[in-house]
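Coordinate analysis (summary)
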Amino acid sequence: MSALIVDGHEVAVICSPPMAESCRKSMGVKWCFTCRQRHEFSWVVMSPTTYDGWWWGPTAHAECGGCGDHDSQLFPGWEYASDEDE
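Summary of the structure given here. Since we're looking at a predicted model, the values are computed, not measured.

1. Focus on the side chain of serine 42
You can see serine 42 is positioned in strand β4 (residues 37–48). Assessed through its relative accessible area of 13%, serine 42 is described here as buried. Ignoring sequence-local partners within four residues, the contact set of serine 42 consists of Arg24, Lys25, Ser26, Met27, His61, Ala62 and Glu63.

2. Observations regarding the pairing of strand β3 (residues 19–32)
A regular strand places its side chains on the two faces of the sheet in alternate fashion. Note: β3 against β4, 12 bridges, orientation antiparallel. Across the sheet, the residue bridging to arginine 24 is valine 44, located in β4. Hairpin connection, β3 to β4: the antiparallel pair is bridged by four residues, and arginine 36 has positive phi, about 60°.

3. A few points about the pattern of salt bridges
Tallying each qualifying case throughout the model produces two salt bridges. One salt bridge in this structure joins glutamate 21 and arginine 24, with 2.9 Å as the shortest N-O distance. Between arginine 24 and glutamate 63 there is a salt bridge, with the nearest N and O atoms lying 3.2 Å from each other. Residue arginine 24 is found in strand β3, and its partner glutamate 63 is found in strand β5 (residues 59–64); the two are separated by 39 residues along the sequence. Within the structure, one salt-bridge network assembled from shared partners comprises Glu21, Arg24 and Glu63.

So, how was this worked out
Residues numbered from 1 in each chain as written. Predicted model: local features only at pLDDT ≥ 70, side-chain atom pairs only at ≥ 80, totals over all residues. Heavy atoms only, no water. Helix = DSSP H or I, 4+ residues; strand = E, 2+ residues; numbered from the N terminus. Buried < 20%, exposed > 50% of the residue type's maximum accessible area, 1.4 Å probe, protein only. Contact = heavy atoms within 4.5 Å. Pairing = 2+ DSSP bridges. Salt bridge = Lys/Arg side-chain N within 4 Å of Asp/Glu carboxyl O.

See the structure below:
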């Protein structure tokens, strides 16, 4: 973990381990709010390439096939519900 100074405040920065794509599944064609077009979206799972001392597990996101932006098929300001929200 490292720290940055932002506007006079110290901010902790947690770095993740090297990640690699472990799974990709089609979500179909959806509207992208970033590039403002309909594109094929994929659900992408990224996994750490090494587990030596890392507390990181796999992460997942939706990715636009046009611009490559993450989670841009959601209406601006919206996010996926977590298990804690249910």
